[in-house]
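# Inside the fold
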Amino acid sequence: MYVFPRISLKPGVTEHLKSVFLNKEVLAAVGHEAAESRFQKLLSCLSHPPSYTCVRASTHLASLEEIRHKLGEELQNQMHSLPVEEVSLQILLHPLIPDVLLLPVIGPRLVKQLSSEVVVSAQCGSAVLRGAHVFAPGILSSPKYMKAGDEVSVFSDLEGKCTRGATSFQGRKVFLGNGVAEKDRSSIFCTDEPAKGIAVRMVEPLYQSPSFAGVLPSLAFLQNLPSVVVGHVLGAHPGERILDMCAAPGGKTCHIAALMGDQGEVVALDRNRNKIDRIHQNAQMLRLSCVKAYCFNSTQAVSSDPVQKTEGPPFPPESFDRVLLDAPCSGLGQRPIMASTWSLKEICSYQPLQRKLFRAAVQLLKRGGVLVYSTCTVTLAENEEQVAWALDSFPCLTLQPQEPHIGAEGMLGAGLSPEQLRLLQRFSPELSWDHTETTTPLPCRASTDTIGFFIAKFLKK
Ligand SMILES: C[S@@+](CC[C@H](N)C(=O)[O-])C[C@H]1O[C@@H](n2cnc3c(N)ncnc32)[C@H](O)[C@@H]1O
């Protein structure tokens, strides 16, 4: 049962995406009807959350079974407050990925709307659909006399039109479930300091999944499945020197360090100073000491001096055994997103930046080294077209098979050969959207019902 409208995009953006998914190569291969149907399913599935939560287990600190057991205990405690019929906790393994645990999301459930309404931002709404409570900064509107303890229905503002501090909102919104206010209205909107902490504790969410706030922080890390796949595809070994060029908040950096058994060096760069602390915090929380994080613009990370003078960036050419470029992108694969207010110009602005970063990545990689390029978007311009450009611009690069390869192959439209497309890994939830909620058992569904994501692996000869 699909409960939300399809993702709402600016008109130019919908037309652009449609032209991508109905490009000439696709039309020639599958015909108009199949291409159109895939595109329509994409628009539907992007507004819905995946049907499970993926947790990356810190298998450098404990065995998967041990972590699974502890997680079960912690989450059972959390569920004591729920009605008995809702307490069913499954924690499953993935057949091919050795360090993830999968927890089914229950929903959409039948929840009766209340008369008191709280409206939250689209970003906050997406987090609620994935199991979070409502934090104070996400609240846009609340009843005029809302007091801690009041029961409220929570809605997500679909078009970014609700004014912060409003007492009601008549615009387009979708129901996310019911909760209990933990703060008075005045302590959310009428304070000198920005309000912090949980403002509404969700007790009857439309999609039920455990809240992971504070749960086994060093052992259980929330991460989308394709992002975990990236760490494995990079294939780093203990003792190597790795560069993660766009690293914050450090989910993949820490995964790579964990896979290396914390032996060697993982250099994490990010241009955004505020986010560097998140990398440090995550590395500390996961007890990883081989991560070194620096605030730096990675397009400038190649030094003209062949000798390394300082500990941090810039670095001489050919300094790293492996490079991960998890590129800044238009993010159109994220789920759930109910509405994007981005203009076509913004969506199209990433290709040139990604190419600048890619050039630096190739220079910083040693010969014989591995470069992994990834994005969490669905456009051709940021994915297959970048691969075609890279193979054309850097004859030293060849595409490599990926391990594990659980996603689909690359999409037609960028002039790549069938062999090249087979080496790419595109997570395309729209391809299995019809079957998502039916009979497919979770561990199998987990590999297809993901966020939209893209991975390419290159070897530098
Ligand atoms: C997709 S996110 C990275 C997510 C991260 N790899 C993870 O798994 O947690 C892209 C990141 O690129 C950073 N970024 C954008 N332009 C950059 C640049 N020129 N140099 C370094 N980082 C950049 C952004 O600040 C953002 O944190």
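Residues numbered from 1 in each chain as written. Predicted model: local features only at pLDDT ≥ 70, side-chain atom pairs only at ≥ 80, totals over all residues.

If you check an unreviewed UniProt entry, the protein appears there as SAM-dependent MTase RsmB/NOP-type domain-containing protein from Monopterus albus. In its Sequence similarities (unreviewed entry) section, the UniProt record describing the protein reads: "Belongs to the class I-like SAM-binding methyltransferase superfamily. RsmB/NOP family." (UniProt positions renumbered as here; feature names shortened; annotations may be inferred.)

### Topic: the overall build of the protein
The number of helices and strands found in the protein is 14 helices and 18 strands. In terms of overall dimensions, the protein is globule-like: its C-alpha atoms have a radius of gyration of 22 Å, near the 23 Å expected for 461 residues. The principal-axis extent of the C-alpha atoms belonging to the protein is close to 65 × 50 × 45 Å. The 461 residues of the protein split such that 47% are buried. (Helix = DSSP H or I, 4+ residues; strand = E, 2+ residues; numbered from the N terminus. Rg over C-alpha atoms; globule rule 2.2 N^0.38 Å. Buried ≥ 20, exposed ≤ 12 C-beta atoms within 10 Å, placed from the backbone.)

### Considering helix α12 (residues 384-393)
Residues of α12 that are buried: Glu384, Gln386, Val387 and Ala390. Relative to the axis of α12, the buried residues are bounded by an arc of 155° and lie together on one face. In α12, the exposed positions angled more than 90 degrees off the buried face are occupied by Asp392 and Ser393. Buried positions along α12 lie against α11 (350-364), β15 (365-375), β16 (397-399) and β18 (453-460). (Arc of directions from axis to C-beta. Contact = placed C-beta atoms within 7 Å.)

### Describing unusual backbone geometry
Cis geometry marks the peptide bond from Gly107 to Pro108, where omega comes out at 0°. Its place among the elements puts Pro108 in the loop between β3 (100-104) and β4 (117-120). Residue Pro249 is bonded to the preceding Ala248 through a cis peptide linkage, with omega at 5°. Within the fold, Pro249 resides in the loop between β11 (241-244) and α8 (251-259). In this structure, Arg287 takes a positive phi of about 55° despite not being glycine. Tracing the chain through its elements places Arg287 in the loop between α9 (273-285) and β13 (291-295). Located in the positive-phi region is Glu318, a residue other than glycine, with phi close to 55°. Within the secondary structure layout, Glu318 lies in the loop between β13 and β14 (320-326).

### As for the environment of Arg422
Tracing the sequence through the fold places Arg422 in helix α13 (residues 418-423). Since 14 C-beta atoms lie within 10 Å of it, Arg422 is described here as partly exposed.

### Here's the deal with the site of the ligand
Surrounding the ligand, one finds 18 residues, the nearest of these being Cys246, Gly251, Lys252, Ser298 and Asp326. Elements that contribute at least two residues to the shell around the ligand include exactly α8 and β12 (265-270). (Near = placed C-beta within 6 Å.)

### Observations concerning the environment of Val128
Counting through the fold element by element, Val128 comes out in helix α5 (residues 122-129). Here the alpha-carbon distance between Val128 and Leu353, two residues 225 residues apart in the chain, equals 32 Å. Residue contacts for Val128: discarding those within four places in its chain leaves Val120, Val134, Val154, Leu176, Met202 and Pro205.

### Notes on the domain arrangement of the protein
One can read the domain layout of the protein as domain 1 (117-205) and domain 2 (224-460). Between domain 1 and domain 2, the residue contacts involve nine residues of the former and five residues of the latter. Considering every element that reaches the side of domain 1 that touches domain 2, the biggest residue donor is α5, with four residues. (Domains from an automatic or database assignment.)

### Here we look at the sheet that holds β3
Here four strands make up an open sheet; going across it, the order is β2-β3-β1-β10 and the pairing antiparallel. Because the sheet does not close on itself, it has two edges, and the strands there are β2 (92-93) and β10 (220-222). Examined bridge by bridge, β2 and β3 share two bridges and lie antiparallel to one another. Bridge pairing in β3 places Leu93 opposite Leu101. (Pairing = 2+ DSSP bridges.)

### A few points about the UniProt feature "binding site: S-adenosyl-L-methionine" (unreviewed entry) in the protein
Per the UniProt record, "binding site: S-adenosyl-L-methionine" (unreviewed entry) is found at Cys246, Ala247, Ala248, Pro249, Gly250, Gly251, Lys252, Asp270, Asp305 and Asp326. Annotated residues spanning 81 residues; largest pairwise C-alpha distance 31.1 Å, indicating distribution over more than one region. Tracing the backbone shows Ala248 in the loop between β11 and α8. Since 22 C-beta atoms lie within 10 Å of it, Ala248 is described here as buried. Other than its neighbours up to four places away in sequence, Ala248 contacts Asp270, Asn272, Lys275, Ile276, Arg278 and Ile279. Its place among the elements puts Gly251 in helix α8. Sequence-distant contacts of Gly251, defined by excluding residues within four places in its chain, comprise Phe221, Gln223 and Ser227.

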